[in-house]
Structures are given as C-alpha cells and as structure tokens.
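An overview of the molecular structure
Chain residues, written in single-letter form:
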Amino acid sequence: MAEIVASQSVKWNNALILHVKIMSRLARCGASLLLVALVSACATAPQDSAGQEIHAAKNDPFEPTNRYVFDVNLAIMDMAINPIATIYREGVPEPYRNGVRNFLDNLQMPVTIINSALQGDWDNTAEASMSFFINTTAGLGGIFDIPGSFDEEPRKADFGETLAVWGVNDGPYVMLPLVGPSSARDTVGLGVDILTDPLTYLLSPIWSYARTGTGAVQATSDSQSQVSELRRSSVDFYASVRSLYRQNREAEIRAAEGSEDDDFMSDDVFSLE
Amino acid sequence: MQISRLRLPFVALVVVLASAVAWAGIEDDASVFVDEHGGELIEILDLPQGTERRDHFQTWLADTFNLDALANLALGPYLGTATDEQMAAYEDAFARYIVVTYEARLDTFSGYDFSVMRSRPMGDNDAIVRTNIAGPDGNSYVVDFRVELYEDGSFQVIDVAVEGLSMLKTQRDEFSAVIQRDGIDGLITSLNERTALAESASN
C-alpha cells in the first residue's frame, strides 16, 4: 500500500515538475515576446483626435506583434485544425460529437467550481458541483447528458473572470500563440487556471495534449461556418475578432457579477462609449 | 389657492400615470414591431438562396433598419471627418455591403423559430426587445434588438446583439481600424471589394 502511495506520489511530483518546467518555459517565451513587442513593435499613437480616441479605446499597444501572431494562428488553423475539424464534423455523427463536447465540458467543471466559489457565487458553485458529480458518475464522465437533472447548465467560470469580479481591469489586448485572443488579465487568469486545475496533475502530459487538441477540434467544428463567414465578410478580421472577444468577455463578466441574465437586459450591450 | 393646493397631488398623479402609460407603450409597440419583422425575416431566410431572396431581404432590411443611422454610427469618431463626396461614396458602399453581410450572417438562423420574450425602454425614445431564436437541432440564441421610436410614431432597428455581441459595435470597431490605417477612401474600397466578393460567391 505504502509502495502504491509512494509511486503515485512520485508520478504526481514528476508531473508537477514537468508542468512547472513547461510553465516556466512559456513564461520565459511570453516575457521574450513581450520584450520584443515592447522594443520593436509598439503601435504608434495617432496625432488626430478621432485617431487618439480609437487608439485609447482599443487598448492594443502591441498591435503589430498581435497581428503577426494572429496571422500565424490563422495559418495553423487553415493547415491543421480546420481540415481535421471538417473531417470530424462530417465523419462523426452528431450524438457522438455531443458526447465529446459534454465530456470536455465536464473536465472544465473543477475550474468552474473553484472560481464560482472565489467569486462568491454560491448558487453556481453548488450547481457546478452537482453537475460534475452526476455527470461524472451516472453520465460516465460526462459523455451522456442526464436528462432532467438540471433546470439549466451552470455558468462557466475562470480566474480571469474572477479577477474582473474583484475589480482588476483587463489591461492591454494580447493575441496568444495557438491560444488566440486574450488580455493581460485573462492571460494571468489562464496560467492560474492551468495551475489550479486538478487534472493538470492527474493527467499525464500526453493526455493533457490530447485533451487540448480535441478541445480545439471540437470548438472549431462547432463554430466553423460562422467564423468562416465572418472572415469572408469582414473588412478587417483582426479588428472584428478583437471587438467580439472583448464584448463576449464583458457579457461573461456581467453574468458573473449578476448584472445581466435572462430576466434583465443590460444597456451596456448597446453602449457605444 | 386652496383649490390649487388640493389639485396639485391629483395633477402630479395624472402626469405620473400618463408617463407610465407612455413608457409602457414604447416597449410594447416595439415588441409588436420586432415580432412582425422577425417573423418576416424567418420566412425570407427559408427561401432558396439567390437573387429573389436577396431582393426580399433588401426590402426587409430597408423597412426594418435605419440604414442611414447605422452608416453614421458605424463611422464612430470619424463621422464628420469625411468630405461630402467621401460621405456619398461611403453611404452607397455601406448600403450595398450591409445587405450581403447581414444576409449571410443572419442566414445562420434559417429554419429557426422566432419568439419575443420581453422588452424594456432604454432612454427616451429607444427600447430593447429580447427574442429567442430556437433551431431544430435544439440550439437556441438570445437576440436583442435596439429599436428607436421616431416622431411620426414609426419604429426602426438601429442595432442587433446576438448573445450579447452587438453587430453595430463590431462594425464600428472594424471600420475604425481600417480608417486609421487606410483612411475613409481605404474603407470605401474595402467595402466595395467585400460586397463584390460576396455577390460573386452567391451567384
């Protein structure tokens, strides 16, 4: 018994060391990117008043670098993720794809439970805990949706959102390699979510990568037609994605703060300030 | 004087009640307007794609949306910086661009059911109408319409938000980015290019 515990503990320690190493490399990479961005590719503030107003509102001081990363991300999407997502959507029947989506959503639930509690949203903490317990047991890891078990799905929560609820501003817009649009605050949140997710330590690296890869394919297949339509019709796709990311994040934060739900419609959605 | 004092609370009550009736009227009428026009849109999107559907959509769009206000609002802080010639070219390019863009983006809701959920006033002359659009696959979206009341008693939509994402706000941010980089002329060229691309793809 002691040997099993010791071997499990060694496995956990190895996993922890590996993840700390990965995070440290990512942090160094991020720091280097940030330095490069700061030194070589800061967006210059315009001279005219309308330009200055827009420059301040978009809060994207690393825009040249962000646009470059965005183009690289799009190239990777076009070459690798989109073709796989198309095969997945056309080859796998919808009930199976729903099962994969439910399974991946269920894996995300521990992060939601932790952050709902940190936000003081006890209703959502209870709903997410119950959903996680029922789906993991009766739903076989979340693959099967248990009909009638919940009135509505719990709200997803993450640490970037928790920081926002605590009053932290989003900071400059950032386009992360492979991950996509984010902000300074949400990038810190993403790092904390990886470190506080129990599955980071329970899954071996290969399973962690498999989870991330499957999640990317699933998410792409879900929104492929809308995204390609937006890309086709946008006069500046990068600016559209930046705007949509911010609006979506603001809507999530309003929901976390309880200022927007199905019964109350916030004016903020239509505010052009 | 005594009578005036007695009457004052009564007059105040009448004024308050009258305003309440007026408020209730705005959002209720806006709901009816969105219900009628939303139903028409679902019928148009059910038509097969092509010139006939685009013509119907164009008429529906001009009836339902205040396209002049949309064009001006989409310019954000750059409104007023364009010359008269540039504004005329921009309004023309915008009117054609908006038809192909909105048709393609709203096409997501083809085959969906549409219902008004609730509404409330926003400011003096606007109302927000919340609708639910439910698809045969079980997916449903919350779509909010910002409706403006005009002096002649008519209504028109000036923005639509799908799941909290405003189409006008997105367009304004996008247009501003292009103007900042390429000027208003650059935006007009981009709009015309995108319209031509969308029209050639659908024909």
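Note that the structure is predicted; figures quoted are calculated from it, not measured.

1. So, the overall build of chain A
- A tally of helices and strands in chain A yields 11 helices and two strands.
- N-terminal to C-terminal, the α/β element order of chain A is α-α-α-α-α-α-α-β-β-α-α-α-α.
- The proportion of buried residues among the 273 residues of chain A is 26%.
- The long-range fraction of contacts in chain A, counting pairs at least 24 apart against all pairs at least 6 apart in sequence, stands at 63%.

2. A short note on the pairing of strand S1 (residues 173-176) of chain A
Residues and elements named next belong to chain A.
- The pairing of S1 with strand S2 (residues 180-183) spans four bridges and is classified as antiparallel. The residue bridging Tyr173 from the neighbouring strand is Ser183, located in S2.
- In this antiparallel pair of consecutive strands, S1 and S2, the connection spans three residues, and Leu178 shows a positive phi of 65°.

3. Focus on the packing of helix H4 (residues 94-107) of chain A against helix H10 (residues 205-233) of chain A
Residue and element names in this part refer to chain A.
- It is at 11 Å that the axes of H4 and H10 come closest, and there the two elements cross at 125°. One way to sum up the angle between H4 and H10 is to call them oblique. Classified by chirality, the crossing of H10 by H4 is left-handed. Across from Val100, Arg101, Leu104 and Leu107 in H4, the residues of H10 making contact are Arg211, Thr214, Gly215 and Gln218.
- In terms of residue class, the contact of H4 with H10 is made up of three nonpolar, three polar and two charged.

4. Topic: the interface of chain B and chain A
- The partner chain A presents 24 residues to the 34 residues of chain B that form the contact.
- Secondary structure elements with two or more residues in the side of chain B that touches chain A: helix H4 (84-106), strand S1 (113-122), strand S2 (126-134), strand S3 (140-149), strand S4 (155-162), strand S5 (165-166) and helix H5 (167-202) of chain B.
- At 15 residues, the largest contribution of residues to the side of chain B that touches chain A is made by H5(B).
- The residue inventory of the side of chain B that touches chain A, partitioned by class, reads 14 nonpolar, nine polar and 11 charged.

5. Considering the environment of B:Leu45
Residue and element names in this part refer to chain B.
- For Leu45, the position within the fold is in helix H1 (residues 2-45).
- Considering only alpha carbons, one finds Leu45 and Gly111, 66 residues apart in sequence, at a separation of 7.5 Å.
- When residues no more than four places from it in sequence are discounted, the contact partners of Leu45 are Leu106, Asp107, Phe109 and Ser110.

6. Observations regarding the nonpolar core
- In terms of nonpolar packing, the biggest core is built from 31 residues, with B:Phe94, B:Phe175, B:Leu187 and B:Leu191 touching the most fellow members.
- Counting only elements with at least two residues in this core, the list comes to H1, helix H2 (51-64), helix H3 (67-74), H4 and H5 of chain B.
- With sequence-adjacent residues up to four places away left out, B:Leu191 is seen in contact with A:Val235, B:Ala93, B:Phe94 and B:Tyr97.
- Within the second largest apolar cluster, 21 residues are counted, among which are A:Val269, A:Phe270, B:Tyr112 and B:Ala161.

7. Remarks on the confidence of the model for chain A
Residue and element names in this part refer to chain A.
- Mean pLDDT over chain A: 78, with 74% of residues reaching 70 or higher.
- Taken element by element, chain A is modelled with least confidence in helix H1 (residues 2-40), mean pLDDT 43, and with most confidence in S1, mean pLDDT 96.
- Within the model, pLDDT remains below 50 along residues 1-40, and this stretch shows 10 contacts once partners closer than five positions in the same chain are excluded.

8. As for the sheet that holds S2(B)
Residues and elements named next belong to chain B.
- One open sheet holds the five strands; their spatial order is S1-S2-S3-S4-S5, and the pairing between them is antiparallel. At either end of the open sheet lies a strand with only one pairing partner, and these are S1 and S5.
- Note that S1 and S2 share nine bridges and pair antiparallel. Its bridge partner being in S2, Phe114 is matched across the sheet by Ile133.

9. Focus: the packing of helix H3 (residues 63-91) of chain A against H10(A)
All names here are of chain A.
- Where H3 contacts H10, the axes come no closer than 8 Å and their chain directions differ by 75°. Compared by their axis directions, H3 and H10 come out roughly perpendicular. On the side of H3, the interface is formed by Ile81, Asn82, Ile84, Ala85, Tyr88 and Arg89, while H10 contributes Ala216, Val217, Thr220, Ser221 and Gln224.
- Looking at the contact of H3 with H10, its residues break down into six nonpolar, four polar and one charged.

10. Description of the pairing of S4(B)
Residues and elements named next belong to chain B.
- Relative to S4, S3 is paired through seven bridges, and the arrangement is antiparallel. Note on S4: the bridge partner recorded for Glu148 is Gln156.
- Count of turn residues in the S3/S4 antiparallel hairpin: five residues, of which Gly153 carries a positive phi of about 90°.
- Relative to S5, S4 runs antiparallel, the two being bridged by two bridges. Each bridged residue has a counterpart across the sheet, and for Ala161 the counterpart in S5 is Ser166.
- Counting the residues in the hairpin turn of S4 and S5 gives two residues, including Glu163, whose phi is positive at 50°.

11. Some details on the environment of B:Ala95
Residue and element names in this part refer to chain B.
- Relative to the helices and strands, Ala95 is located in helix H4.
- You can call Ala95 partly exposed: it has 18 C-beta atoms within 10 Å.
- On a C-alpha basis, the gap between Ala95 and Gly38 in space is 20 Å, while along the polypeptide they are 57 residues apart.

Calculation rules
- Residues numbered from 1 in each chain as written.
- Chains lettered and ligands numbered in written order.
- Predicted model: local features only at pLDDT ≥ 70, side-chain atom pairs only at ≥ 80, totals over all residues.
- Helix = DSSP H or I, 4+ residues; strand = E, 2+ residues; numbered from the N terminus.
- Buried ≥ 20, exposed ≤ 12 C-beta atoms within 10 Å, placed from the backbone.
- Contact = placed C-beta atoms within 7 Å.
- Pairing = 2+ DSSP bridges.
- Axes fitted to C-alpha atoms, helices over the stretch in contact; angles between N-to-C directions.
- Parallel < 35°, antiparallel > 145°, perpendicular 65-115°, else oblique.
- Left-handed = near helix turned anticlockwise from the far one by under 90°.
- Nonpolar A, V, L, I, M, F, W, Y, C, P; charged D, E, K, R; others polar.
- Core = buried A, V, L, I, M, F, W, Y, C linked by C-beta atoms within 7 Å.
- pLDDT = per-residue confidence, 0-100.

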